[in-house]
Amino acid sequence: MKKLFATVFVIAALAGAGVLALFADINSKKNEDREYPLMLTKNDDTVPNIQEWGKNFPSHLDMTLKMKDINFETDWAGSLPYSKLRRFPAASVFWKGYAFAVDYNRPRLHYYSQIDQMETKRNNKEYLNSHGLPKFNGQPGYCMNCHSGHIMAMMSDPDYKELHDPATRPESFNQPMGYFDNDKENGVFKKEAWTKMNSIPYFDVVKMITKKHGEDPHGGAQLGSACADCHHPDDMSLRVTRPGFVNAMVERGYEADPKSGIKATRVEMRNYVCMQCHVEYYPGMNSTLVFPWAKWKKDEPFKIENFDEYYDEKAANGQFKFDYKHKLTDAPIVKMQHPEAELYSTSIHARSGVTCVDCHMPYKREGAKKITNHTIQTPYADITGACKTCHMQSEQELKDRISFIQNRYAFELRKCENNLMAFIQDVVTAREELAKHEQFSGLDADAQKAAISEALKDVLAYHRKAHIRWDFGFSENSYGFHAPQEASRIVGQCQTIAREGQAALVNALAPYGITIALRQNADEIPEPEVITSHNYPTAIDPSDRLKKLDEDIKNMNFK
């Protein structure tokens, strides 16, 4: 009996000790959670160094720095920067006459957003001059709007004297801009710097940053996305910092705010911090970045027709005619950028209140802390955190669902490419035949080109319209997943418009007595040249696995 009591006593004592230890651990974790972050240093917009800001948020800094060493591929995304021109040669034809036809690679993670921009051949004047773009003088500073974490520093720091000289204000300074006009205290100061930064050469801006901060990717000229882009230095609250986004939102009917950029709820801001860069844009007056959202109504999902209306109107009044003239057809082309924000707005996720951050920066546990994952990447990297908080299926079932959507979208996009390529090749044939006609044959080269383009004006409008839809579908980085129905509608329109363009071509040639055999299937496109001067792994060949996938898509050999 004594042994039994002793045993019970020991068990009770151990259980009690265990309970006490559990409560002590819970209490310590609560204290840890309450004490995080330790504000060891005051943040400042003029010092966007992520190492400095990370002193208060070491866990977030560690996750951010992990992006440096992540290189992996998924079927349609990932972070391995292979050459997309080598994988999809049609793009090199669709962009002929523009820098993207020379060099376009799968983007890496946000750590590299400035490094990749500095390295791409699209920013290399000498390379482009010797590869079909003899008039290219280098890209302007507006690339900095989204590729550099220094934009707030440049707008706020008087040490950037080159950007704050009223005597050299570009003409665009006089344009109303909601971001600045709402900031009575220092709005003019910031507007001065931003308008100037947009208009001067890109590498001149890089030199300014290098002179002040050096070159490193944590706080110098190679700094990509940074804490200051999305967080206010005073309290780390979310904010938007890109003036082009704020100006566009104000034009749509939203209200600017001097602290957060746009008046919004925290949930809305979890979209806006991403939407301020993942958008379509174009260089307006003095290369000032403009988002073409004036026809996109407030609180409504985007429609591709919003871009048609906007860009047609801008072309008609001479404010923005085109990004480039297509080298083969002479059509005035609008180059789409990376319109994730526009497509996402039409999705079931957007309608359900699911934000960009929920999927690309899902919550994770670190000790007692529940924090957003600042290793920003595809949801594929963490299906459980990104998807299974809402979807109860297994990870494999969810991956299969993603493949189901993206593979079918890829097939439709390839059909769009075939139709558009066939249309372009028919226009080239038509221009050759027209050049032999007596009405055009006696003209000098430039006059002949202009006269034929005028004769085919309505046909070239079809090229412009079909291209917008292909480029939107191709350059939007989710490969249809952000909004499958709308994405399919857009590339479906591309297929139809390209065929309508061929029909219009027949009608345009009829008055000259010219007939051509229209192509149903485009002639094969050779792979573009291999660029070997990039730093590895940029511009490597796509893997054999991706090549096989593309062949399977072409042959409809997918589930």
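S.K.: Just checking my understanding: could you explain the overall build of the chain for this structure?
M.R.: Within the chain, the secondary structure is distributed over 26 helices and eight strands. Dimensions along the principal axes, computed over C-alpha positions, put the chain at roughly 120 × 65 × 45 Å. Counting the 559 residues in the chain, one finds 51% classified as buried. Contacts in the chain between residues at least 24 apart in sequence constitute 71% of all its contacts with a sequence separation of at least 6. Taken as a whole, the chain presents about 26,100 Å² of accessible surface, with 55% of it coming from carbon and sulfur. Of the side chains in the chain, 70 bear a positive and 75 a negative charge, and the two mean positions are spaced by 4 Å.

S.K.: Where do I start with the packing of helix α21 (residues 395-436) against helix α24 (residues 457-475) in this structure?
M.R.: The relative placement of two packed helices comes down to the angle between their axes together with the axis-to-axis distance. Viewed as axis vectors pointing N to C, α21 and α24 meet at an angle of 155°, and their least axial separation amounts to 10 Å. Considered as vectors, α21 and α24 are oriented roughly antiparallel to each other. In this structure, α21 crosses over α24, and the sense of that crossing is left-handed. Between α21 and α24, the contacting residues are Y409, L413, R414, C416, E417, L420, F423, I424, V427 and R431 on the first element and V459, L460, Y462, H463, A466, H467, W470, G473 and F474 on the second. Within the contact of α21 with α24, the residues separate by chemical class into 13 nonpolar, three polar and three charged.

S.K.: So what exactly am I meant to see when it comes to the nonpolar core here?
M.R.: It is characteristic of soluble globular proteins that their nonpolar side chains tend to be buried jointly. W95, F245, Y272, W293, W470 and F474 are the most contacted members of the largest nonpolar core, which has 107 residues in total. The leading source of residues in this core is α21, at twelve residues. With residues near it in sequence (within four places) discarded, W95 still touches L85, F100, A101, Y104, Y324, K335, H467, W470, D471, F474 and S475. Listed in part, the seven residues of the second largest apolar core include Y127, L128, L133 and I531.

S.K.: Teacher, can you tell me more about the packing of aromatic side chains here?
M.R.: Describing an aromatic ring pair means giving the distance of the ring centres and the angle of the ring planes. According to the stated counting rule, one finds 35 aromatic pairs in the structure shown. Ring geometry for Y310 against Y311: centres 5.4 Å apart, planes inclined by 90°, an arrangement best described as edge-to-face. Among the residues examined, Y310 registers a relative accessible area of 4% and is labelled buried. Y311 sits in the buried class, given a relative accessible area of 0%.

S.K.: What is the right way to read unusual backbone geometry from this model?
M.R.: Trans peptide bonds make up most of the peptide bonds, and negative phi angles are found at most residues other than glycine. In this structure, the amide linkage connecting Y536 to the following residue, P537, adopts the cis form with an omega of 5°. Within the fold, P537 resides in the loop between α25 (484-509) and α26 (544-554). At M236, a position not held by glycine, the phi torsion is positive, near 60°. Turning to its location among the elements, M236 is positioned in the loop between α13 (227-230) and α14 (243-252). The backbone phi angle of N286 is positive, close to 55°, even though this residue is not glycine.

S.K.: For this particular structure, what's the right way to read the pattern of salt bridges?
M.R.: Opposite charge on two side chains allows them to pair when their charged atoms are near. Per the counting criterion, the structure on display carries 30 salt bridges. E73 is the salt-bridge partner of R545, the closest N and O atoms lying 3.1 Å from each other. Here R545 is found in helix α26, whereas its partner E73 is found in the loop between α3 (58-66) and α4 (84-87), with 472 residues between them in sequence. Take R545: its relative accessible area is 41%, and that puts it in the partly exposed class.

S.K.: How should the pairing of strand β7 (residues 363-366) be read in this particular structure?
M.R.: Strand residues, when the strand is regular, have side chains that alternate between the two faces of the sheet. Relative to strand β8 (residues 369-372), β7 runs antiparallel, the two being bridged by four bridges. Bridging across to β8, K364 finds its partner in I371. Linking β7 to β8, which pair antiparallel, is a turn of two residues; within it G367 sits at a positive phi near 65°.

S.K.: Help me out: how do you make sense of the state of the cysteines in this one?
M.R.: Working definition: the covalent bond between the sulfur atoms of two cysteines is a disulfide. With the rule as written, the count across this model stands at two disulfides. The disulfide partner of C146 is C277, and the S-S distance across this bridge is 2.4 Å. Sign of the S-S torsion, about -100° for the bond between C146 and C277, identifies this disulfide as left-handed. Here C146, found in helix α8 (residues 144-147), pairs with C277, found in the loop between α15 (266-275) and β3 (282-283); they are 131 residues apart in sequence, far enough to count as distant. Each member of the pair, C146 together with C277, is buried.

S.K.: Is there a simple way to think about the side chain of S92 in this case?
M.R.: Looking at where S92 falls in the secondary structure, it is placed in helix α5 (residues 90-94). At 2.6 Å, the side chain of S92 forms a polar contact with the backbone oxygen of P89. In contact with S92, not counting residues within four places along its chain, are L85, A101 and P528.

S.K.: Can you walk me through the environment of G501 in this structure?
M.R.: Within the secondary structure, G501 sits in helix α25. Taking the C-alpha atoms as reference, G501 lies 9.3 Å from V427; in sequence the two are 74 residues apart. Apart from the residues lying within four places of it in its own chain, the contact partners of G501 are F423, V459 and Y462.

S.K.: I tried to follow the packing of α21 against α26 on my own but got confused; where do I start?
M.R.: Two elements in contact, α21 and α26, have axes separated by 9 Å at closest approach and are oriented at 70°. On the basis of the axis angle, α21 is roughly perpendicular to α26. In contact with N407, A410, F411 and R414 of α21, α26 contributes L549, I553 and K554.

S.K.: Before we go on, may I ask you to explain the environment of P48 in this structure?
M.R.: Considering the arrangement of structural elements, one finds P48 in the loop between α1 (2-35) and α2 (50-53). The exposure class assigned to P48 is buried, which follows from its relative accessible area of 1%. C-alpha of P48 to C-alpha of D229: the two residues are 181 residues apart in sequence and 8.7 Å apart in space. With residues up to four places along the chain from it excluded, the contact list for P48 reads W53, G149, H150, A153, H218, L223, A226 and A228.

S.K.: Honestly, the side chain of Q448 in this entry has me stumped. Any pointers?
M.R.: On the secondary structure map, Q448 appears in helix α23 (residues 445-455). Leaving out residues up to four positions away in the same chain, Q448 has contacts with A435, F440, S441 and L443.

Reading the values: rules and limits
- Residues numbered from 1 in each chain as written.
- Predicted model: local features only at pLDDT ≥ 70, side-chain atom pairs only at ≥ 80, totals over all residues.
- Heavy atoms only, no water.
- Helix = DSSP H or I, 4+ residues; strand = E, 2+ residues; numbered from the N terminus.
- Buried < 20%, exposed > 50% of the residue type's maximum accessible area, 1.4 Å probe, protein only.
- Contact = heavy atoms within 4.5 Å.
- Areas by Shrake-Rupley, 256 points an atom, 1.4 Å probe, with all protein chains shown as cover.
- Lys, Arg positive; Asp, Glu negative; His and termini not counted.
- Charge placed at Lys NZ, Arg CZ, Asp CG, Glu CD.
- Axes fitted to C-alpha atoms, helices over the stretch in contact; angles between N-to-C directions.
- Parallel < 35°, antiparallel > 145°, perpendicular 65-115°, else oblique.
- Left-handed = near helix turned anticlockwise from the far one by under 90°.
- Nonpolar A, V, L, I, M, F, W, Y, C, P; charged D, E, K, R; others polar.
- Core = buried A, V, L, I, M, F, W, Y, C linked by side-chain atoms within 4.5 Å.
- Phe/Tyr/Trp six-rings, centres within 6.5 Å; stacked < 30°, edge-to-face > 60°.
- Salt bridge = Lys/Arg side-chain N within 4 Å of Asp/Glu carboxyl O.
- Pairing = 2+ DSSP bridges.
- Disulfide = S-S within 2.5 Å.
- Polar contact = N/O pair within 3.5 Å; in protein donor to acceptor, adjacent residues only side chain to side chain.

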